[in-house]
Amino acid sequence: MGLFSKFNDSLSKTKKGFVEKLFDTFTGKEIDDDLYEELEETLIQGDVGVETALDLVERLREREKSDKLKYAEQLKDVLVEEIAAIMGDEVSSLNLSDEGLNIILMVGVNGVGKTTSIGKLANKLKKEGHKVILGAGDTFRAAAAEQLKVWGQRVGCDVISHQEGADPAAVVFDAIAAAKSRNCDVLIVDTAGRLQNKANLMNELSKMRKVIDREAPGCLKEVLLVLDATTGQNAISQAKTFGEASGVTGVILTKLDGTAKGGVVIGIRSEFDLPVKLIGTGEQIDDMEYFDAKEFGRALFADEDEVQNEVAEAIADLKEEIEEAVAEFKEDVAETVESVKETTATLVESFQEEWAELKEDAKATAETCKEMAQDFVADVQDETVEWKAEAEEFIADVQEEVQEFFDQDAPQAEDLEDYVESTEEKPKKKGFFGGLFGGRK
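Residues numbered from 1 in each chain as written. Predicted model: local features only at pLDDT ≥ 70, side-chain atom pairs only at ≥ 80, totals over all residues. Heavy atoms only, no water.

Student: Pulling in residues and values, what's your account of helix H5 (residues 72-87)?
Tutor: Given a rise of 1.5 Å per residue, 16 residues ought to cover 22 Å, and the 23 Å separating the end C-alpha atoms of H5 matches this to within 8%. Buried within H5 we find Ala 72, Leu 75, Val 78, Leu 79, Glu 82, Ile 83, Ile 86 and Met 87. Phi for Gly 88, located one or two positions after H5, is positive at around 80 degrees. (Helix = DSSP H or I, 4+ residues; strand = E, 2+ residues; numbered from the N terminus. Expected span 1.5 Å × (residues − 1). Buried < 20%, exposed > 50% of the residue type's maximum accessible area, 1.4 Å probe, protein only.)

Rendered as structure tokens:
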């Protein structure tokens, strides 16, 4: 969804409650003092602020004379031009440095959506490539740190906190040290929901800024005031007081989608020259956008035809993007399929080559084993022949000695005695029988 469409959706209640009533002021009327008085009253009721309403009416009076306007409908177009001139045409951004630590101090009263805005801002900055850490400086409100930790877990950011009632300046000190040690480039510090008529809470803000100036000189880039659009004139009062006390550099406007008091944006810009830097466009974590004054003005005063045309263009652009994405996806799939085919073919070819090599290696190994087996069998056969010859020779010797034994007379006693006496003197003949009867024939 484009920014115009998001603004148009967020401003739907404002358009029905404020803009339609404002435009009805010009319908069928003549340009006179009654018209200007009614217009002034309608602007004030639309929460643009008293001073802004008076300034706009004065501008219209001057344009009536200079442009020689005659009809109220012409004055309506001039009013849109003057409001656009007040809003400007710049696209807001945060004053962050590409190098070193950037500290953002978040201020605002309780209930304006400050903690939610911190979570959404941290999420947005993380998606832009920043490494974000959060400091739970609101130590006065019960469970404030716990709520911030929940957002830290959702976004994926570390949260530095102390116990309830601790010194907020001490939290800032530790948060700065943690940001430096963890190489974070953005530190977002929550502060107590300080009411503008409580001087002691404003003093706490001053102490926190002193710690920042001492521990991280030059790193305080933004002091963002979170305002609830539904509070209307009270939001303008808060902007005035906080701007004077805390050096506010910009505004985050929340809950714009839930109110008919969107005219407060015009008053803040006109009376205090405070840029609305970010705007909440819904309840989801991604529903935060940098404020584009030109697109905001277009969405605020766009008629039904313009909205329909814008929606049609948005649909056409979305359709084109989808078609391009589908075409790119098809190309990617085709390239992937082709790559898979090539890879598969290469793998198959490589496998076939390796398989052929394995077959050759296996064949060579089988031949080697066969030759080894044949050599082994031949060796065994040769040794078997030798063992057989030796065995036959041994048997023949035994048979010969046995035969000699049986061919001799039985030995006499004196022969045994002579044999015993001569065993140490005479060498024995080979074999048992030869040793015993070697001297007899």
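Student: Break down the environment of Asp 174 for me, with residues and values.
Tutor: Looking at the element boundaries, Asp 174 is found in helix H8 (residues 168-181). Residues Asp 174 and Ile 160 lie 14 residues apart in sequence; the distance between their C-alpha atoms is 7.2 Å. Discounting chain neighbours no more than four positions away, the residues touching Asp 174 are Ile 160 and His 162. Side-chain polar atoms of Asp 174 contact the side chain of His 162, separated by 2.6 Å. (Contact = heavy atoms within 4.5 Å. Polar contact = N/O pair within 3.5 Å; in protein donor to acceptor, adjacent residues only side chain to side chain.)

Student: Kindly report on a nonpolar patch on the surface, identifying the contributing residues and their values.
Tutor: Nonpolar side chains collect at one region of the surface, where Phe 394, Ile 395, Val 398, Val 402, Phe 405 and Phe 406 lie side by side and expose about 570 Å² of accessible area between them. With respect to the helices and strands, Phe 394 occurs in helix H13 (residues 304-407). (Patch = residues over 30% accessible without salt bridge, like charges linked within 9 Å, V, L, I, M, F, W, Y side chains within 5 Å. Areas by Shrake-Rupley, 256 points an atom, 1.4 Å probe, with all protein chains shown as cover. Salt bridge = Lys/Arg side-chain N within 4 Å of Asp/Glu carboxyl O.)

Student: Run through the nonpolar core, naming residues and quoting values.
Tutor: Across soluble globular proteins, nonpolar side chains have a tendency to be buried as a group. Counting residues in hydrophobic clusters, the biggest one holds 61 residues, and the most contacted among them are Ile 103, Leu 187 and Leu 253. No other element matches the seven residues that H5 contributes to this core. Ignoring anything within four residues of it in the chain, the contact list for Leu 253 reads Leu 227, Ala 229, Val 264, Val 265, Val 276, Leu 278, Ile 279 and Gly 280. Grouped together as the second largest cluster of nonpolar side chains are 27 residues, Ala 122, Val 159, Leu 224 and Leu 278 included. (Core = buried A, V, L, I, M, F, W, Y, C linked by side-chain atoms within 4.5 Å.)

Student: Give me helix H4 (residues 50-66): which residues, what numbers.
Tutor: Taking 1.5 Å per residue as the helical rise, H4 with its 17 residues ought to reach 24 Å, and the 25 Å between its terminal C-alpha atoms agrees with that figure. Of all the positions in H4, only Thr 52, Ala 53, Leu 56, Val 57 and Leu 60 are classed as buried. The arc that holds every buried residue of H4, seen down its axis, measures 135 degrees, which confines them to one face. Of the exposed residues in H4, those oriented more than 90 degrees away from the buried face are Glu 51, Lys 65 and Ser 66. Looking one or two residues past H4, Lys 68 carries a phi angle of roughly 50 degrees, positive in sign. (Arc of directions from axis to C-beta.)

Student: Report on the sheet that holds strand S5 (residues 220-228), specifying residues and quantitative values.
Tutor: Pairing is mixed across the open sheet formed by eight strands, whose spatial order is S3-S2-S4-S1-S5-S6-S7-S8. Of all the strands in the sheet, just strand S3 (158-160) and strand S8 (288-290) have a single pairing partner and so form its edges. Taking the axes of each pair of neighbouring strands and ignoring which way they run, one obtains an average angle of 25 degrees across the sheet. Where strand S7 (residues 276-280) lies against S8, three bridges are found, and the strand directions are antiparallel. (Pairing = 2+ DSSP bridges. Axes fitted to C-alpha atoms, helices over the stretch in contact; angles between N-to-C directions.)

Student: Could you give an account of the packing of helix H6 (residues 114-127) against helix H7 (residues 144-155), naming the residues involved and the relevant values?
Tutor: Each pair of packed helices can be described by the angle between their axes along with the distance between the axes. Where H6 meets H7, the closest approach of the two axes is 9 Å, and the angle between their N-to-C directions is 20 degrees. The orientation of H6 with respect to H7, classified from their angle, is roughly parallel. Crossing geometry of H6 relative to H7 is assigned as right-handed. Where H6 approaches H7, its residues Thr 115, Thr 116, Ile 118, Gly 119, Lys 120, Ala 122, Asn 123 and Lys 126 are matched on the opposing element by Gln 147, Leu 148, Trp 151 and Val 155. Split by residue class, the contact of H6 with H7 holds five nonpolar, five polar and two charged. (Parallel < 35°, antiparallel > 145°, perpendicular 65-115°, else oblique. Left-handed = near helix turned anticlockwise from the far one by under 90°. Nonpolar A, V, L, I, M, F, W, Y, C, P; charged D, E, K, R; others polar.)

Student: Requested: an account of the pattern of salt bridges, with residues and values cited.
Tutor: Proximity of charged atoms lets side chains of opposite charge pair with each other. Tallying each qualifying case throughout the model produces 15 salt bridges. Note that Arg 61 and Asp 33 form a salt bridge whose closest N and O atoms lie 3.4 Å from each other. Residue Arg 61 is found in helix H4, and its partner Asp 33 is found in helix H3 (residues 33-45); the two are separated by 28 residues along the sequence. Residue classification places Arg 61 among the partly exposed residues on the basis of a relative accessible area of 29%. Across the salt bridge formed by Lys 127 and Asp 286, the nearest N and O atoms sit 2.7 Å from each other. Of the two residues, Lys 127 is situated in helix H6 and Asp 286 in the loop between S7 and S8; the sequence distance between them amounts to 159 residues. On the accessibility criterion, Lys 127 (60% relative accessible area) is exposed. Classification of Asp 286 as partly exposed rests on a relative accessible area of 39%.

Student: A description of unusual backbone geometry should follow, citing residues and the corresponding values.
Tutor: Non-glycine residue Lys 68 carries a positive phi angle of around 50 degrees. Positive phi values are uncommon outside glycine, yet Asn 183 reaches one of about 55 degrees. Structurally, Asn 183 can be placed in the loop between H8 and strand S4 (186-190).

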